Amino acid sequence: MNEFLVEITTVVPEGTPAEEVDRRRAAEAVRARELAAAGHLARLWRPVGERRSIGVWRAADEAELRGKVLGSLPLWPWMTATVTALEPHPNDPGSR
């Protein structure tokens, strides 16, 4: 699988009932755990004081990442994502 740096911002549409937001957020947590168990979600961070996330995700290619991985998130219709394909760096201390 290839790795991707993904920055996600979620904006809940105005007028969305709180129950719908709560339902989707709960389902999002479940789906994130499933994707992590399947090896698609490697790491996830939230910048301090911000409502966006930055993560390392894995998929065969960007089409699979957007369509089958990120696209399966319950909050995906409310998300915008910036995807950057990653490759190993020769000086990466984690590769030793």
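Residue positions are given per chain, counting from 1 as you read along its sequence in written order. A pLDDT threshold of at least 70 governs which residues receive local features in this predicted model, and a stricter bar of 80 or more applies before side-chain atom pairs are shown or counted, although totals over entire chains, interfaces and linings include all residues. Neither water nor hydrogens contribute to the side-chain values; these are computed over all heavy atoms in the structure.

Draft legend 1. Spatial organisation of the overall build of the protein chain. In this text, helices come from DSSP runs of H or I with a minimum length of four residues, and strands from runs of E with a minimum of two, each type numbered from the N-terminal end. For the protein chain, the count of helices and strands is two helices and four strands. Along the longest, intermediate and shortest principal axes, the C-alpha atoms of the protein chain span 50 × 30 × 20 Å. Contacts in the protein chain between residues far apart in sequence, at least 24 positions, make up 67% of those at least 6 positions apart. For the protein chain, the accessible area works out to roughly 6400 Å², and carbon and sulfur atoms hold 53% of it. It only takes one pair of heavy atoms within 4.5 Å for two residues to be counted as in contact. Surface accessibility follows the Shrake-Rupley procedure with a 1.4 Å probe radius. Residue values consider only the protein chains on display as shielding.

Draft legend 2. Broad picture of the side chain of serine 53. When you line up the elements, serine 53 lands in strand β3 (residues 52-59). For every residue, the accessible area obtained with a 1.4 Å probe (protein chains only) is divided by the maximum for its type, and the residue is called buried under 20%, exposed over 50%, and partly exposed between those limits. You can call serine 53 buried: its relative accessible area is 15%. Those residues within four positions of serine 53 in sequence are excluded, and the remaining contacts are Val6, Glu7, Ile8, Leu44, Trp45 and Pro47.

Read these as spatial facts, not as claims about activity.
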